[in-house]
Amino acid sequence: MAWKAYVKGRLESDKGRMKIRLLDWGCAAEKCGRRQEEMKRIIKLREEQKELMAENDSAAVAQMLEEIERQYEGDMEKLQGEIMGIMEQKKQMDKMLQGLTEEEQEYIQMRYEKGCGFDFIGMKLHMSRATLFRMQDRILEKLLQMEKDETT
């Protein structure tokens, strides 16, 4: 039980929140892809709903199908808004990452975008795990400072 409190406390720190932002940045394309798949399902359901409307002349059925149409439109707008929000956050993080060195950018890409482990990254960058942890800490400090400078 103590480990849960430890992990939660670490994620609630400034560095923890930055790590979460980096994870969100790394999987932005995947998140957008999932939302686009949801949009495709909604479009397919909308087409089926229009076929049902054409087949039924009942006023009650037509009213129900119109309500469903409004829900579809709301869902589509919500998904489009989510995609725009994800892409805006990615754009902001991309801008911040440009302030890092090439080696730091490569580390961030491998760790947070590709999901590589420390051993693999260390082998690729010819660094020890300890050096990678220090580099990660330094990167997080830089990003937090950039974020702080951006808001002031």
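Preceding this paragraph is the structure being described.
## Digging into helix α7 (residues 129-151)
Inference 1: End to end, α7 covers 33 Å across 23 residues, agreeing with the expected 33 Å (1.5 Å per residue, within 8%).
Inference 2: Residues L132, M135, Q136, I139, L140, L143 and L144 constitute the buried set of α7.
Inference 3: In this structure, the buried side of α7 is in contact with α2 (14-26), α4 (59-97), α5 (102-113) and α6 (118-125).

## Examining the pattern of salt bridges
For side chains of opposite charge, pairing can occur when their charged atoms come near one another.
Inference 1: Under the counting rule described, the total for this entry stands at 14 salt bridges.
Inference 2: The closest approach of N and O atoms between K90 and D94, which form a salt bridge, is 3.3 Å. Remark: D94 and K90 occur in helix α4; sequence separation between them is four residues, near one turn of the helix.
Inference 3: The exposure class assigned to K90 is buried, which follows from its relative accessible area of 18%.
Inference 4: With relative accessibility at 28%, the residue D94 sits in the partly exposed group.
Inference 5: Via salt bridges that share partners, K15, D137 and E141 belong to a single interconnected network.

What counts as what
Residues numbered from 1 in each chain as written. Predicted model: local features only at pLDDT ≥ 70, side-chain atom pairs only at ≥ 80, totals over all residues. Heavy atoms only, no water. Helix = DSSP H or I, 4+ residues; strand = E, 2+ residues; numbered from the N terminus. Expected span 1.5 Å × (residues − 1). Buried < 20%, exposed > 50% of the residue type's maximum accessible area, 1.4 Å probe, protein only. Contact = heavy atoms within 4.5 Å. Salt bridge = Lys/Arg side-chain N within 4 Å of Asp/Glu carboxyl O.

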